[in-house]
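In case you want the letters, here they are:
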Amino acid sequence: MRFAILGETRAWRDDGAEVPLGGPARRALLALLLVRPGEVVSADRLADEIDPGGALSAHALQSQVSRLRTALGSASLIERAGAGYRIVADDDDVDACRFERLAQEGRAALRDGDAERAVTLLREALELWRGPALAGLAESHTAQAAAVRLEERRLGALEDRIEGELRLGEHRAAVAELRELVGRHPLRERLAGLLMRALSAEGGQAEALVVFEQTRRHLADELGADPSAELVALHRELLSADPSPSPAAPPAQLTSFVGRAGEVAELVELLGVARLVTLAGPGGVGKTRLSVEVAAAAADDVCFVELAPLRDGGALAQVLLGALGLRENGLHLGNGGQQSVDRLIGALSDRLLLLVLDNCEHLVEEAATLVARLLAACPRLRVLATSREPLGIIGEHLWQVRPLDDEAAARLFTDRARAVRRGFAADARTVGRICAALDNLPLAIELAAARLRTLHIDDLAGRLDDRLAVAARGSRTADERHRTLRSVVAWSWELLSEAEQRAARWFTVFAGGATAESALAVCGTDGETLESLADKSLLEVSGGRYRMLETIRAYGAERLDAAGEREQARRAHARHVLELVRTADPHLRRAEQLKWLAVLAAEHADLLAAVRWAVEAPEAETALELLASASTYLWIRGAAASVAPQAIALLASLDALDSAGSVDSGGDALPDRLGEEYAACVLLAASGEAGRPVWQRHRAQAEKALTAAWSGAEPGRYPAVLLPWMMRNASEAEPRGAFALVSSQRDRPEPWVRAAAEYVWGFGLLGEGGNAAAEGGFGAAAEGFRSLGDRWGTALALDMLASLAAARGDRATAIALTDEALTFTEQLGALEDAADLLVNRGDHVAGDDAAVARADYAKAADLARRAGSATSLAAALRGLGDIALLEQDLTEAERLYAEALDRIDPYWIKGLGNRVRALAGLGRVAEARGDRVAARSRYQEIAESAAVIGASTQDALRLMGLPESLVEAVITLR
């Protein structure tokens, strides 16, 4: 017999037939005896546990035992023993006992370092569970105590199994399960630690840090306890890891690579001496797949950039920044006057990297111009491009990608055929004839082979002959091969059902692929249809997203136009993206911020496509709602400039509709209810490189609209607009209106709005010289943002609090606050902000430990270079200049200060402090050399710069971190 209590109590005979146990009393009796097989359970206890009400007499119990024996078919299985009963069964015949043995052996194997054996044993143990242990015995104390013990061991076995899987490298598969387990057991630190490790291994270091913070809060709130030493150590390990974002990796390949191993080796060798290699050839010949394999074989870091979705060549530099994992601006929303190309050059100037640009043909002029500039400025950069035509620049090595040879083509066909039809075998001549008909083009071969799921190979060959009118062929030109591929795509398309054709042509509106949920919503289809399209190689699926090869997408887009459905599909796509960003927006200001930033980052290309369509349609209302709803994401992620061209175009179209046509009337054509959306659009337009004139034209009207939206009893719809509005206006000559608008929201009941208002209020107090009062405002802001889990606002407020603490001489507090802010900036991937904070920390410790300060400045310089941020690099160089001056190396100090000044935008307020400190350093160098005229000149420049922030010169200089002796020198000598 075999018995089970891990779920409903059941029994089976040796032949596998289940035993009909009867009613709940008999099942309860058997379960209580099986808790500990072979041990005697008293009759009184059995009666009390089966019926706690006391209605089960000794005679009734004996009757139940007799019936159970009859059901089991053997009286000897249940024995009378003294005043009770016991069941005669081996431990391995009871699932609970077998589970405990296997779990123990699995844990021992894990402890001994044999992760593979441990996972095998633990999976076998966990598969024994069919539901809650001892189900149906809720009123039995014995059963419930045993159930609690078994459930605890089950959870421990789950943890052991997952740890074993992580040791075997199965991080990605473990994340989803761990998320669910951590959600159900938020106080279980081992689960939290496993999730942190799994996320970190998959590149989600920031998200792993969020898990720690959530666990810490749960422990504090529920138990009043701190995290264990092990979890704290793991947290520190993650914090000390390199915060640099990873560049985009080549797309994961789900199929084998056939026929080009020699080419891969030759191309890797060629890239060792050539800095630009272009893989050229017709569509479907395998350029992208070849580039992926070359990238995988390269020894250097690789950044893979898919250019097919990009329609605006002017945004190419911004797309490359995004692919490198870099932001266009920091958390303070400025970029120090840098253009995207300059930032890109700064990030790549000393980096050893292979940049893969896939599908350049539709942007060949823009790609050629940018690649030429990058290669000239970045000596360690190499570029591998794929295109249907050469880039045509000096130094380009052209590699013509040709169709597969006959043997490789046949192998590819057979490999893909076996993937859809188990045991596929065919006459080599038939396979060769099919491949020849397809010109040995890999994509055509894959499309044809996918049809063998439903077609016999002879039928497939006949249909292709009819379709392509194949005769014996000699050499084929690229144009002819393109016609062949188009015919095969059309043939494969025509074999689709109407529902499949509709879903496929509507899918072409996606720019960056789609999740199943998005594809279902936009295409109006079902999961079975999507899977069918993937089976037929019309779609690829990887990493939870469906994608369509560009050759197929181009054909599908033609079919969409032919069906007269383009506008309908584009509108459905835009509405879906709008709904997504609307849903995400409030989450971006709360603890789940990182999760939703990642969700929207995956949809970034589709956001741009939706905005572009709405602007060009034109559907101004949809475009404004898209921009406003996405603005929080764009600002926190540092990607506002990516939508600036469309925002500028939208405002131009509104100007054209504006009958007044005066300078101050921009936006008058809009209904009042869209005032906030209009203001957000103006801000986003101003973030672009051509945004200054637009800002000057629309600023006054936008402030009027924003004031109207936030002056009533009800709050506005887009609270995150308030912070960038204040920051953008801070560098203007008359920022008072913006400060007054935001700070007037301090009494709002909405916590985020109140925190933002306190933050802005703090700056107003600073301008009046009230540092102590300002500290109260920034402190309230930090607490408000922190309580919501918003890392963006918290980091901004903590940075200001640290500056004020340093200004009053409290270095310990300044360092602690800076460290906390640094954690949040690293979680958000804000390299330049992390660099700035490291500079600040270096400033706080420089007077006590020059070596520690130098290390912080050097690390900051490294981060700033990777981010391509000239202003952040200038700050780090200024700090290193301070150390050189401290060590009396006047020549080195002067060089570093001068280089810092060359990199700082003198008109950007965020760079003002480091500009002042660099000028002060040069003044001190001049003083050390006895040149009081030069020193006076530098100090006069400082006084003029300090006047910009509106406080007294002394207060302004103290706030910027200048030591008191230097403040006095400036005041005296200016």
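As a reminder, the structure under discussion sits directly above these lines.
Residues numbered from 1 in each chain as written. Predicted model: local features only at pLDDT ≥ 70, side-chain atom pairs only at ≥ 80, totals over all residues. Heavy atoms only, no water.

Engineer: Requested: an account of the pattern of salt bridges, with residues and values cited.
Structural biologist: Applying the stated criterion across every chain, the model contains 63 salt bridges. Between Arg 260 and Glu 263 there is a salt bridge, with the nearest N and O atoms lying 3.0 Å from each other. In this structure, Arg 260 and Glu 263 share a single accessibility class: buried. Salt bridges sharing common partners tie together Arg 107, Glu 152, Glu 159, Asp 160, Glu 163, Arg 167, Arg 188 and Arg 190. (Salt bridge = Lys/Arg side-chain N within 4 Å of Asp/Glu carboxyl O. Buried < 20%, exposed > 50% of the residue type's maximum accessible area, 1.4 Å probe, protein only.)

Engineer: Could you give me a rundown of unusual backbone geometry, with the residues and numbers involved?
Structural biologist: With an omega dihedral of -10 degrees, the bond running from Ala 617 to Pro 618 counts as a cis peptide bond. Turning to its location among the elements, Pro 618 is positioned in the loop between helix H27 (604-616) and helix H28 (620-637). The backbone phi angle of Asn 440 is positive, close to 55 degrees, even though this residue is not glycine. Positionally, Asn 440 belongs in the loop between helix H17 (428-437) and helix H18 (442-450). Unusually for a residue other than glycine, Gln 888 sits at a positive phi of about 65 degrees. Mapped onto the secondary structure, Gln 888 falls in the loop between helix H40 (870-886) and helix H41 (890-903). (Helix = DSSP H or I, 4+ residues; strand = E, 2+ residues; numbered from the N terminus.)

Engineer: If you had to explain the sheet that holds strand S13 (residues 545-547) to someone new, which residues and values would you point to?
Structural biologist: Taken in spatial order, the 3 strands make up an open sheet running S11-S13-S12, and their pairing is antiparallel. Of all the strands in the sheet, the pair left with one neighbour each is strand S11 (514-515) and strand S12 (540-542). With 3 bridges joining them, S12 and S13 adopt antiparallel strand pairing. Bridging from a neighbouring strand, Val 541 pairs with Tyr 546 of S13. (Pairing = 2+ DSSP bridges.)

Engineer: Go over the nonpolar core with me, naming the residues and quoting the values.
Structural biologist: Within the largest apolar cluster, 170 residues are counted, with the highest numbers of intra-cluster contacts made by Leu 723, Tyr 759 and Trp 792. Per-element tally for this core: the top contributor is H28, with 10 residues. Filtering out sequence-adjacent residues up to four positions away, Tyr 759 remains in contact with Leu 723, Met 726, Met 727, Gly 777, Phe 778, Ala 781, Phe 785, Leu 796, Ala 797 and Met 800. By size, the runner-up hydrophobic cluster in this structure holds 77 residues, among which are Met 1, Ala 125, Ala 157 and Phe 212. (Core = buried A, V, L, I, M, F, W, Y, C linked by side-chain atoms within 4.5 Å. Contact = heavy atoms within 4.5 Å.)

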